[in-house]
Amino acid sequence: MFKLFGKKKPAAPEDRLAFCRDKRDWAGLARACYELGVSAMERGEPNRAQLWLHRADTIYSAKDEVYEAVGEKLADDCSARIGQLEEAHILYNNLPSQVEEKAESLGDAKVRLWGLLSLSRLAVLGKRLAALPGCEALGDLGWAADTVLESFRAPLGDAEFQRLEVLSSALYELGDSPAFWGAGSEIAVEGGAPFQVFDLNGMMGVHLETEAYLSGHLEMVSAVGQGETPPEPETGIITGALLPDYYVRTGAGQLEEIPQIKAELARIWSDYEFVRSGPSWEAVAERVAGYKTLDILA
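Scoring rules and cut-offs
- Residues numbered from 1 in each chain as written.
- Predicted model: local features only at pLDDT ≥ 70, side-chain atom pairs only at ≥ 80, totals over all residues.
- Heavy atoms only, no water.
- Helix = DSSP H or I, 4+ residues; strand = E, 2+ residues; numbered from the N terminus.
- Rg over C-alpha atoms; globule rule 2.2 N^0.38 Å.
- Contact = heavy atoms within 4.5 Å.
- Areas by Shrake-Rupley, 256 points an atom, 1.4 Å probe, with all protein chains shown as cover.
- Pairing = 2+ DSSP bridges.
- Expected span 1.5 Å × (residues − 1).
- Buried < 20%, exposed > 50% of the residue type's maximum accessible area, 1.4 Å probe, protein only.
- Salt bridge = Lys/Arg side-chain N within 4 Å of Asp/Glu carboxyl O.
- Axes fitted to C-alpha atoms, helices over the stretch in contact; angles between N-to-C directions.
- Parallel < 35°, antiparallel > 145°, perpendicular 65-115°, else oblique.
- Left-handed = near helix turned anticlockwise from the far one by under 90°.
- Nonpolar A, V, L, I, M, F, W, Y, C, P; charged D, E, K, R; others polar.
- pLDDT = per-residue confidence, 0-100.
- Phe/Tyr/Trp six-rings, centres within 6.5 Å; stacked < 30°, edge-to-face > 60°.
- Lys NZ or Arg CZ within 6 Å of the ring centre and 35° of its normal.
- Core = buried A, V, L, I, M, F, W, Y, C linked by side-chain atoms within 4.5 Å.

**Notes on the overall build of the protein chain**
Regarding its fold elements, the protein chain presents 15 helices and 4 strands. Computed over C-alpha atoms, the radius of gyration of the protein chain comes to 20 Å, within 12% of the 19 Å expected from 2.2 N^0.38 for 298 residues, which places it in the range of a compact globule. Partitioning the contacts of the protein chain with sequence separation of at least 6, the portion at a separation of at least 24 is 68%. A total accessible area of about 13,800 Å² is found for the protein chain, and carbon and sulfur atoms account for 49% of it.

And the structure:
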């Protein structure tokens, strides 16, 4: 039996998660996640397979030395399995497709506003997660929502532009940090299981979708300022406040039956109708302000 510091490594992958985190054995952590994903896939549990295989991919993709230690064979099989899961009719896949379809009926500005509303709902969670070591950037999500909203109505100042750039970069770098995937850091949730920062990994990753939204907005601001055609808006942030990984990890069966998932789905489609109606800036600002006080885990 393999030992680290005189202590036996648990045989079961679910028992190895905490062990590998404690020993900073990132390759072992990736393998444990991969094995949990394979087992779930073989049991016909696509949500859990999605959760664990994507976690394995995030870990071994973060650092070259971890990828090399895990090995190309495992990484290739993990990627192939993730590709197979993309065909599954599950919320992870169905909702982004539905959002993209609806977004085609909106102009670019309305799609960006739709994304802004979802970003606003991450403010409270982001502020709480920012107390975790290495996750400080998440505390600026509320400020980012306010700044993006103001930039629709007035030119974005140099200081604000640069601060958004810094935040965007920090969110991108967060996904490569053990603070995100290796520390097991978590916050308490009233009436529920603790929320781990790694629970942001769901869908394409809340941190990455937020980064894509913010960097895309900055590209739009720059393009407009130079009289150029702006890039198409990103839609991934629109599903960012759903947080399916948290509910799957903590034992949810049918995601669509979780009260918080139902509530967030209702907000997503309500926001679609709202922006489609051509609301006033005052109405948008009011909705953003309300969302910034919302605990989406409650």
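Now, onward.
**Regarding the pairing of strand β4 (residues 192-196)**
Note that strand β3 (residues 186-189) and β4 share 3 bridges and pair antiparallel. Within β4, the position partnered with valine 189 by the bridge is glycine 192. Joining the antiparallel neighbours β3 and β4 is a turn of 2 residues, in which glycine 191 adopts a positive phi near 80°.

**Describing helix α9 (residues 141-153)**
Compared with an ideal rise of 1.5 Å per residue, which puts 13 residues at 18 Å, α9 spans 19 Å between its outermost C-alpha atoms and is within 8% of the ideal. Those residues of α9 not exposed but buried are Leu141, Gly142, Ala144, Ala145, Thr147, Val148, Leu149 and Ser151. In this fold, the buried residues of α9 make contact with α7 (108-120), α8 (123-129), α10 (158-174), α12 (206-225) and α15 (281-291).

**Digging into the pattern of salt bridges**
Working definition: two side chains of opposite charge can pair if their charged atoms are close together. Within the structure shown, the criterion is met by 14 salt bridges. Connected through shared salt-bridge partners, Arg121, Glu264, Arg267, Asp271 and Arg287 make up one network.

**As for the packing of helix α1 (residues 13-22) against helix α2 (residues 26-42)**
Two elements in contact, α1 and α2, have axes separated by 9 Å at closest approach and are oriented at 160°. On the basis of their axis angle, the class for α1 and α2 is roughly antiparallel. When you trace α1 past α2, the crossing you get is left-handed. For the pair formed by α1 and α2, the contact residues are Pro13, Glu14, Arg16, Leu17, Cys20 and Arg21 on the first element and Trp26, Gly28, Leu29, Arg31, Ala32, Cys33, Glu35 and Leu36 on the second. Considering only residue class, the contact of α1 with α2 consists of 8 nonpolar, 1 polar and 5 charged.

**Structural notes on the environment of serine 120**
When you line up the elements, serine 120 lands in helix α7. Serine 120 gets classed as buried once you look at its relative accessible area, which sits at 0%. Put simply, serine 120 and alanine 145 are 25 residues apart on the chain and 5.6 Å apart in space, counted from C-alpha to C-alpha.

**Some remarks on the confidence of the model for the protein chain**
Confidence in the prediction for the protein chain averages 94 pLDDT; 97% of positions are at 70 or higher. pLDDT under 50 marks residues 1-6. Its contacts with residues more than four places away, or in other chains, come to 10 contacts.

**Topic: the packing of aromatic side chains**
Summed over the entire model, instances satisfying the criterion amount to 8 aromatic pairs. Between tryptophan 26 and tryptophan 181 the ring centres are 5.2 Å apart and the planes differ by 85°, which places this aromatic pair in the edge-to-face class. Placement of tryptophan 26 in helix α2 and of tryptophan 181 in helix α11 (residues 178-181) is noted, with a sequence separation of 155 residues between them. Of the two residues, tryptophan 26 and tryptophan 181, both sit in the buried class. Taken together, a centroid distance of 6.1 Å and an interplanar angle of 50° make the contact between tryptophan 114 and tryptophan 269 tilted. Of the two residues, tryptophan 114 sits in helix α7 while tryptophan 269 sits in helix α14 (residues 259-276), which places them 155 residues apart along the sequence. Overall, the relative accessible area of 0% leaves tryptophan 114 in the buried class. We classify tryptophan 269 as partly exposed; its relative accessible area is 26%. What links up through ring pairs into an aromatic cluster is the set Trp114, Trp269 and Tyr272. Against the face of phenylalanine 19 rests lysine 23, its NZ or CZ located 5.9 Å from the ring centre.

**Topic: the nonpolar core**
One recurring pattern in soluble globular proteins: nonpolar side chains tend to sit buried together. Judged by nonpolar contacts, the single largest core of 93 residues is most densely connected at Phe195 and Leu200. With 10 residues, the top contributor of residues to this core is α2. With near-sequence residues (within four places) excluded, leucine 200 lies in contact with Leu125, Leu129, Leu138, Phe180, Phe195, Gly205, Val206, His207 and Leu243.

**Side note on the environment of leucine 156**
Counting through the fold element by element, leucine 156 comes out in the loop between α9 and α10. Exposure remark for leucine 156: the relative accessible area of 17% places this residue in the buried category. Leaving out residues up to four positions away in the same chain, leucine 156 has contacts with Thr147, Ser151, Phe161, Leu164, Leu218 and Val221.

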